[in-house]
Amino acid sequence: VQAQPAPAKDLFTVNSPNVTYTDDHINTKYVYRTTAVTKTESGKFVASPKETTYDFKVDRKVPKTGMMLVGWGGNNGSTVTAGIIANRRGLVWDTREGHRAANYYGSVIMGSTIKLGTEAQTGEEINIPFHDVLPMVHPNDLVVGGWDISSLNIAAAMDRAQVLEPTLKALVYKEMSLQKPLPSIYYPDFIAANQEDRADNILPGSKASWSHVEQIRADIRNFKEQNNLDKIIVLWTANTERYADIIPGVNDTADNLIEAIKQGHEEVSPSTVFSVACTLENTPFINGSPQNTFVPGAIQLAEKHNTFIGGDDFKSGQTKMKSALVDFLINAGIKLTSIASYNHLGNNDGKNLSSQKQFRSKEISKSNVVDDMVAANSVLYAKDEHPDHTVVIKYMPAVGDNKRALDEYYAEIFMGGHQTISIFNVCEDSLLASPLIIDLVLVAEMMTRIQWKSEEAGDYKGFHSVLSILSYMLKAPLVPAGTPVVNALAKQRGALTNIFRACIGLQPESDMTLEHKLF
Ligand code: NAI
Ligand code: DG6
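Presented here is a report on the structure given in the accompanying data block. (Residues numbered from 1 in each chain as written. Chains lettered and ligands numbered in written order. Predicted model: local features only at pLDDT ≥ 70, side-chain atom pairs only at ≥ 80, totals over all residues. Heavy atoms only, no water.)

### Quick look at unusual backbone geometry
Let me state the cut-off plainly: What counts as a helix is a DSSP run of H or I of at least four residues, what counts as a strand is a run of E of at least two, and both are numbered from the N terminus. Each residue is assigned to one of three classes by its accessible area relative to the maximum for its type, calculated with a 1.4 Å probe on protein chains only: buried under 20%, partly exposed between the two thresholds, exposed over 50%.
Note that the residue after G311, namely D312, is joined by a cis bond; omega there is -5°. Residue position: D312 is located in the loop between β12 (309–310) and α9 (318–331). Phi at N282 takes a positive value of approximately 55°, unusual for a residue other than glycine. The residue N282 is located in the loop between α7 (270–280) and β11 (285–287) in this model. With a relative accessible area of 57%, N282 lands in the exposed category.

### Focus on the nonpolar core
Put simply, the rule is: Nonpolar cores were defined as sets of buried Ala, Val, Leu, Ile, Met, Phe, Trp, Tyr and Cys residues, with membership established by side-chain atoms within 4.5 Å. In this description, contact between two residues means that some pair of their heavy atoms is separated by no more than 4.5 Å.
Counting residues in each nonpolar core, the largest one holds 70 residues, and the members touching the most others are M67, L134, V443, L470, M473 and F500. Dropping the residues within four chain positions of it, M473 is found in contact with V108, D313, F314, K315, L436, D439, L440 and V443.

### A word on the site of ligand 2
We count it as follows: A molecule or strand has a residue near it when one of that residue's heavy atoms lies within 4 Å. Residues adjacent in sequence count toward polar contacts only when both atoms are side-chain atoms; beyond that, a polar contact is any pair of N or O atoms within 3.5 Å, and within protein one must be able to donate a hydrogen and the other to accept it. Computed by Shrake-Rupley with a 1.4 Å probe, the accessible areas treat only the displayed protein chains as cover when residues are assessed. Using protein atoms alone on a 1 Å grid, points that fit a 1.4 Å probe yet trap it form a cavity, whereas open point sets bounded by protein on both sides within 12 Å along at least five of seven lines form a pocket; residues with an atom within 4 Å of a point count as lining. For a cavity or pocket, the test is whether more than half of a molecule's atoms lie within 2 Å of its grid points; if they do, the molecule sits there. Residue classes follow a fixed rule: Ala, Val, Leu, Ile, Met, Phe, Trp, Tyr, Cys and Pro count as nonpolar, while Asp, Glu, Lys and Arg count as charged, and any other residue, Gly among them, counts as polar.
Taken together, 16 residues form the shell around ligand 2, and within it Q318, T319, D349, K362 and K475 come nearest. At a separation of 2.9 Å, an oxygen atom of ligand 2 approaches a polar side-chain atom of N343. Between ligand 2 and K403, the relevant distance is 2.7 Å, taken from an oxygen atom to a side-chain nitrogen or oxygen of the residue. In isolation ligand 2 has 380 Å² of accessible area, and contact with the protein removes 97% of it. If you map ligand 2 onto the pockets, it falls in the largest cavity. Listing elements by their share of the shell around ligand 2, those giving two or more residues are α9, β13 (335–345), α10 (348–353) and α11 (356–367). Across the shell around ligand 2, the residue classes break down as four nonpolar, five polar and seven charged.

Written out as structure tokens, the structure reads:
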């Protein structure tokens, strides 16, 4: 998939003594305002406003970017590829409900807006596309490639996925049939045994080896060269793996992990090998599946090389609703006491998850998603008190990719009453996940072009290797060690929005609207 980058357009400029534009950069001096809290001996809190000044530097040159997917021939991989081609070509196709046109609905970057400010004369709110806040790559310009253990070309993979309308498939088929995934690494013990029959495109060796790391690195370099790219982002959208055991001396430090791969240790997963290869190739790597790809050694290696990693597990349908709804309920002062979440689905993801160890990885990532909201409300919940929470996933081939997610939220309300919310959510899995792949790649790429400095920290450097800014798109956000995990959807969006705003010297999005209240 090839295209030339669209010329960067400036929809707006910031008029401030703290913001300067050069041909290459946007430079900003930004005062970050927080509140430091201390506890007195008598147990009272003292809240002190705190200011920290940061300089941000944004590289304005939009790079020609490649997106390499691990699991390219899967439902997500083939669907996102077709979607990008359809958007790039502005395709319109016929369905039994009439014509449909390509769009990027479901992508927060491509489909949503942020408030820039208030029109000086009229007081009208001015909202701009999220994509225009910073000079971001356009998804139509992404060059797509990747790996799969299945040899089907991406058009045939799209057929196998049974996601898109035949009329749309016909329009993109020829181009996609020319795209073939690179052979990948397959360690059968990590994914369900029922995946074995599609594994016909594999590199020799069934456990970790340094030659696998070198091959993946070479694949990234070749793809970059062949397509004349400035940058590549790699994203794992392959099968959910089982958890890897964390073993001291094996995967607990960067050096041990590298040695373990060289020794062919059986507890190193394919996704961790990809992570190591990407880090050594200075290429951001994002994990869209729930397993613990980022063992301590993989995180330490990324930190050592100052490269970006992000994960885990796309937050697409049921969990996205959950992280919005639970945030709402608990912040409304309603005491949620149980969540029962059932899923049945019939795609290959469901087939893989019908195996216990792979299901367990998904169960973990789907289960911890309300912890921060519960912990934040000491009025409703005692220390260590949690709502009951259960997650069930069943493989039901007939429903294909149209996953059914049934949720019951049971809550205690005023004076011993109860509120029961029952949701039946048909989550067209790959159509919800594909825009998240785009968002993850676009934001990760943008972060490679943002640098900061402060008086304390010295010269310019990048954000921390663990890209927690990607949390909005992920079920079990990976965060730098010792920092809080935020699952609440509104907070996650706030972080994304306000960090982007800070880079151009704008205050956080505020809904105070004092200009409409104090006059
Ligand atoms: P899929 O099963 O259709 O695709 C996975 C692909 O990965 C397959 O083509 C398989 O051959 C390939 N694969 C397996 N091991 C590989 C390896 N070592 N190297 C290269 N390729 C490999 O699954 P789907 O629906 O595309 O989902 C992908 C992942 O994303 C799954 O882990 C799923 O749990 C996760 N996910 C999906 C969401 C969705 O809404 N579709 C949401 C959240 C997570
Ligand atoms: C069962 O839920 C299968 C999973 O792979 C999900 O489809 C996927 O993780 C999306 O989950 P959610 O909770 O974001 O809809």
